[in-house]
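Tertiary structure, described
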Amino acid sequence: MKIVVTVKLVPDTNAVKRIDPATKRLVRTGVETVINPFDEYAIEAALALKEKLGGDTTVTIFTMAAESGKEVVRKALAMGADDAVMLSDAGLEGSDVWASAYAMAQALKKIGFDLIICGALAEDGNTGGLPNALSEYLGVPALTNARHIEISDAKVKAQRETDSGYQVVTGALPMLMTVTMAVGEPRYASLKGIMGAKRKTTAVMALSELGLEKAVGTGGAKTEVVEIAARPARGKARVEEAADGPAGAKIIFDFLKERKLL
Amino acid sequence: MNFDLSDEQKAIQSLVREFAQAEVVPRAEEMDRQEAFPYDLVKQMAELGLMGLPFPEEYGGAGADTVSYALAVMELGRADASTGITMAAHVSLGATPFYLYGTKAQKEKYLIPLAQGSMLWGFGLTEPGAGSDAANVQTKAQLREGKWIINGTKAFITNSGTDISGGSTITAVTGARPEGKPEITNLIVPQDTHGFSRSRKYKKMGWRASDTRELSFVDAEVPEENVLGARGKGLQNFLTVLDGGRISVAALSVGLSMGAYDESLKYAKERQAFGKSISKFQAIQFKLVDMLSEIEHAKNMVLKAAWEKDQGRDFAMTASFAKLYSAEVSRRVVNEAVQIHGGYGFMDEYPVSRMYRDQKINEIGEGTNEVQRMIIAKMLGL
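Read on for a plain summary of the structure.

1. Some thoughts on the interface of chain A and chain B
Across the boundary between the two partners, chain A contributes 12 residues, which contact 21 residues of chain B. Inspection of the chain A/chain B interface yields six salt bridges. Taken together, the connections running from chain A to chain B amount to three residue pairs in polar contact (both at pLDDT 80 or more). With four residues, the top contributor of residues to the side of chain A that touches chain B is helix 5 (residues 191–197) of chain A.

Below, the structure is given as structure tokens:
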């Protein structure tokens, strides 16, 4: 079975983020790049499945990123993935969820897969829209928010996390899945994994290899960031003075009622 | 000239940092207070490959270089000196003698489980009356009917008495040289050897969660083949092991300093006095700047010694510089760290108070500051 994990490279979660006002995009230079933390859970889920299923199960890391991200991808290889493929092309710049999903889908068709596992969200944009768009372009079902996965005879049985608990959902491969953080804490890479990662291949794909029929990059984007604004500063708090307890309670009551909170 | 770390070195550094900050830091205070040896952390470090970091894969190691090793020890020491010394002594002192001097059979029997981290091992050089004067070995071993009969005492031996300690390698006088000087040989003494016992753990000022004991040998018998390296080369071989060990103790000093600096920086930004954060006062800023610039200096020196070792060059002098300087820097850094914390720095629940206690041994273990100066002076031909 071939599992492909999609991974996004994002600016270090702890770094202060800056938006370039001209391009309205996140500034990615001068900030350390890391694997999107949600995707580390997807990698963990894939590696755990590989351990459980054994045999010829392989885990391939797939990312759409500049070639300079190779070093970051290597961390996923050090965790235990078998190989990696990067879709790197200047023509992808400015792709929104829709255009990214289209380009990624074409690449994933070429790579081949039985199961695609994605993190539920990316730390930078937080749209969470890509996995579903990807499944649409690939023509495979999307099983979202899995917290526990079992696979046997190309049949998938998963617990799908909901606000109040979980649903048990079944389906057949090939499919795409997103996983939640309940799927299991991502493992540390091991020293042997780090030392062995350089012997694993990271193939680089360009758009010209994909035979695209639709535009990607800024031209293929269906959405446009019109304006970016900082969160408005919080105004001064209202200070009320009350003669006694009941009078204070009345002020609070009126305030809440005025806002239809009571 | 190139100061960049390789991709592997960076990956190892960030792995150990991530592990140490997530798993070791939250435990450090309690481990210190309870003097509790962290078996579970050792197991995790073994799984990550840290316990055999620099040894070849064929002997169960990870095959990484000395620079990576130094970076790993720094990150562990930054989180907790006890955990740092447990790993560093295991690699540099416990396992390295087998790697350098073991026969193929000895490497297979001892180095593999050591590099895999399933077993720990002691390095028995120091004696109650032979510390800086390491040649004054009083422990004696006599060969009788194919067996070494060992009598004597070893002091301050790290990792010698844990539940997973497999034994210790010691120096013992095995005869006299033709010119009359004692012949010193290294002997492998497994834990279950009849007549070999370990004391209770020492009560220590620092490194309290590490395992340190006294070893006694009363007619302890080991087979004749338990000689490690050539007969009569025991002292020389152990001193060579210590040259490499200096890199790890130096790295540990740098790590401790980094940890104390991290805590001080955080505290200085949080703590308010006279209406503002104390980091806004020049008196505090100057301390922090001096701490960091000395740490940077020491770190570069340690990495240079490690790099020289990786290049196969003579690194003994740089390693001694690094050990001496880093140890002295760590004293100044922890001192200022407590000073920046004021009264809170004197309180047990602030990590800098533990670091202050953990620091002193950096200037004593594996060659005191004074011995480092003697070694360097000797290399200068003085």
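From this point on, the discussion continues.
2. As for the environment of B:Asn369
All names here are of chain B. Along the chain, Asn369 falls in helix 10 (residues 369–379). Between the C-alpha atom of Asn369 and that of Leu228, which follows or precedes it by 141 residues, the distance is 29 Å. Asn369 has contacts with Leu324, Ala327, Glu328, Arg331 and Glu363, leaving out every residue within four places of it along the chain. At a separation of 2.7 Å, a polar atom in the side chain of Asn369 contacts the side chain of Glu363.

3. Some details on the packing of helix 3 (residues 66–79) of chain B against helix 4 (residues 81–101) of chain B
Residues and elements named next belong to chain B. Where helix 3 contacts helix 4, the two axes come as close as 7 Å, and the packing angle between them is 155°. Taken together, the axis directions place helix 3 and helix 4 in an arrangement best described as roughly antiparallel. Contacts between helix 3 and helix 4 involve Tyr69, Ala72, Val73, Leu76 and Gly77 on the former and, on the latter, Ala81, Thr83, Gly84, Met87, Ala88, Val91 and Ser92. Of the residues that constitute the contact of helix 3 with helix 4, the class distribution is eight nonpolar, four polar and no charged.

4. Notes on the sheet that holds strand 13 (residues 202–205) of chain A
Residue and element names in this part refer to chain A. Read from one edge to the other, the open sheet built from nine strands follows the order 11-10-9-12-8-1-6-7-13, with strand pairing classed as mixed. The open sheet has two edge strands with one neighbour each: strand 11 (166–172) and strand 13. Direction aside, neighbouring strands of the sheet carry axes that sit 30° apart on average. In the packing of helix 2 (residues 70–79) onto the sheet, the strands contacted are strand 6 (58–64), strand 7 (83–87) and strand 13, and the crossing angle to strand 7 comes to about 150°.

5. As for the packing of aromatic side chains
Going through the model one piece at a time under the given rule, you end up with 14 aromatic pairs over all chains. Ring centres of A:Trp98 and A:Tyr137 lie 4.9 Å apart, and the angle between their planes is 45°; on these two criteria the pair is classed as tilted. Residue A:Trp98 is found in helix 3 (residues 97–111), and its partner A:Tyr137 is found in helix 4 (residues 130–138); the two are separated by 39 residues along the sequence. Classification of A:Tyr137 as buried rests on a relative accessible area of 15%. With 5.4 Å between their ring centres and 80° between their planes, B:Phe98 and B:Trp121 make a pair best called edge-to-face. With B:Phe98 in helix 4 and B:Trp121 in strand 1 (residues 120–124), this pair connects stretches of sequence that are 23 residues apart. Residue B:Trp121 is classed as buried on the basis of its relative accessible area of 1%. Through a chain of ring-to-ring contacts, the aromatic side chains of A:Trp98, A:Tyr102 and A:Tyr137 assemble into a single cluster. Above the plane of the ring of A:Tyr102 lies A:Lys214, whose end atom (NZ or CZ) is 5.7 Å from the centre.

What counts and what doesn't
- Residues numbered from 1 in each chain as written.
- Chains lettered and ligands numbered in written order.
- Predicted model: local features only at pLDDT ≥ 70, side-chain atom pairs only at ≥ 80, totals over all residues.
- Heavy atoms only, no water.
- Contact = heavy atoms within 4.5 Å.
- Salt bridge = Lys/Arg side-chain N within 4 Å of Asp/Glu carboxyl O.
- Polar contact = N/O pair within 3.5 Å; in protein donor to acceptor, adjacent residues only side chain to side chain.
- Helix = DSSP H or I, 4+ residues; strand = E, 2+ residues; numbered from the N terminus.
- Axes fitted to C-alpha atoms, helices over the stretch in contact; angles between N-to-C directions.
- Parallel < 35°, antiparallel > 145°, perpendicular 65-115°, else oblique.
- Nonpolar A, V, L, I, M, F, W, Y, C, P; charged D, E, K, R; others polar.
- Pairing = 2+ DSSP bridges.
- Phe/Tyr/Trp six-rings, centres within 6.5 Å; stacked < 30°, edge-to-face > 60°.
- Buried < 20%, exposed > 50% of the residue type's maximum accessible area, 1.4 Å probe, protein only.
- Lys NZ or Arg CZ within 6 Å of the ring centre and 35° of its normal.

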